[in-house]
Amino acid sequence: MSKQEVSESGACCSPLAREPLTEDWAGDLARMFKALGDPVRLRLLSLIASHAGGEACVCDISATIDLSQPTISHHLKVLRQAGLLDCERRGTWVYYWVIPSALQQLSAVLLTESGPVVPSEACATEVPA
């Protein structure tokens, strides 16, 4: 299944555990995971996704995070470039929403044959702090 087929169907029939990723798909996924690797960006994505109506104005986001407007705009730009968010200008404000197919790709690639791994099934070896 190609990356485009995954995007269109919203599901992945070949998760990471079953077959290797193509070079292009791995690059796309890496950009998305890298964007989410920053706590501020992960929080921004969560704020937007959980906002009433599934979209949020920059004015709503700015009031919730203790960062300057240019810093917030930078983080939102990174999320957009990674393909996780889309936006639209309405008057003087920009409204953002999460792209559902991007989240589906991220979650689908991490699924195992039996579904998501729950903590009790995870490796018993502890990672040193």
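That block above? That's the structure.
Residues numbered from 1 in each chain as written. Predicted model: local features only at pLDDT ≥ 70, side-chain atom pairs only at ≥ 80, totals over all residues. Heavy atoms only, no water.

Before going further, it helps to examine the sheet that holds strand 3 (residues 93–98). Two strands in a sheet stick together by hydrogen bonds in their backbones, pointing the same way (parallel) or opposite ways (antiparallel). If you trace the three strands from one edge of the open sheet to the other, you get 1-3-2, paired in antiparallel fashion. Two strands lie at the open edges of the sheet, namely strand 1 (55–57) and strand 2 (85–90), each paired on one side alone. Between one strand axis and the next, the sheet turns by 25° as a mean value, whatever way the strands run. Bridging between strand 2 and strand 3 involves six bridges; their strand directions are antiparallel. Residue pairing in the sheet places Leu 85 in a bridge with Val 98 of strand 3. Across the sheet, helix 5 (residues 69–81) lies against strand 2 and strand 3, angled at about 125° from strand 2, the strand it touches most. (Pairing = 2+ DSSP bridges. Helix = DSSP H or I, 4+ residues; strand = E, 2+ residues; numbered from the N terminus. Axes fitted to C-alpha atoms, helices over the stretch in contact; angles between N-to-C directions. Contact = heavy atoms within 4.5 Å.)

On to the pattern of salt bridges. Within the structure shown, the criterion is met by three salt bridges. The shortest N-O distance in the salt bridge between Glu 55 and Arg 90 comes to 2.7 Å. Here Arg 90 lies in strand 2 and Glu 55 lies in strand 1, a separation of 35 residues in the sequence. A salt bridge links Arg 90 to Glu 88; the shortest N-O distance between them is 2.6 Å. Relative accessible area serves as the criterion here: at 37%, Glu 88 is assigned to the partly exposed category. In the salt-bridge network here, residues are joined through shared partners; they are Glu 55, Glu 88 and Arg 90. (Salt bridge = Lys/Arg side-chain N within 4 Å of Asp/Glu carboxyl O. Buried < 20%, exposed > 50% of the residue type's maximum accessible area, 1.4 Å probe, protein only.)

The subject of this paragraph is the nonpolar core. Core analysis: the biggest nonpolar cluster contains 25 residues, and Ile 48, Leu 76, Leu 84 and Leu 85 have the highest contact counts within it. Among the secondary structure elements, those contributing two or more residues to this core are helix 2 (23–36), helix 3 (39–50), helix 4 (58–64), helix 5, strand 3 and helix 6 (100–110). Here this core takes five residues from helix 2, the largest share from any one element. Apart from residues no more than four positions distant in its own chain, Leu 76 is found in contact with Leu 44, Ile 48, Val 58, Ile 61, Leu 85 and Tyr 96. (Core = buried A, V, L, I, M, F, W, Y, C linked by side-chain atoms within 4.5 Å.)

Glancing now at the packing of aromatic side chains. Applying the stated rule across the entire model yields zero aromatic pairs. In this structure, Arg 90 is placed above the aromatic ring of Tyr 95, and the distance from its NZ or CZ to the ring centre is 4.4 Å. (Phe/Tyr/Trp six-rings, centres within 6.5 Å; stacked < 30°, edge-to-face > 60°. Lys NZ or Arg CZ within 6 Å of the ring centre and 35° of its normal.)

This next bit is on the pairing of strand 3. Each regular strand displays side chains that alternate between the two surfaces of the sheet. Residues Val 94, Tyr 96 and Val 98 of strand 3 are buried on one face, while the alternating residues Trp 93, Tyr 95 and Trp 97, pointing to the opposite face, are not. Adjacent in sequence and paired antiparallel, strand 2 and strand 3 are bridged by two residues, among which Gly 91 carries a positive phi angle near 70°.

Contact pair helix 3 / helix 5: the axes reach a minimum separation of 10 Å and the direction vectors enclose 80°. When the interaxial angle is binned, helix 3 and helix 5 end up roughly perpendicular. Between helix 3 and helix 5, the contacting residues are Val 40, Arg 41, Leu 44, Leu 45 and Ile 48 on the first element and Ile 72, His 74, His 75, Leu 76, Val 78 and Leu 79 on the second. Class assignment of the residues belonging to the contact of helix 3 with helix 5 gives a composition of eight nonpolar, two polar and one charged. (Parallel < 35°, antiparallel > 145°, perpendicular 65-115°, else oblique. Nonpolar A, V, L, I, M, F, W, Y, C, P; charged D, E, K, R; others polar.)

Interaxial distance between helix 2 and helix 6 falls to 11 Å at its minimum, and their mutual angle equals 105°. When the interaxial angle is binned, helix 2 and helix 6 end up roughly perpendicular. Within the contact between the two elements, helix 2 uses Trp 25, Leu 29, Met 32, Phe 33 and Leu 36 and helix 6 uses Ala 102, Gln 105, Leu 106, Val 109 and Leu 110. The residue inventory of the contact of helix 2 with helix 6, partitioned by class, reads nine nonpolar, one polar and no charged.

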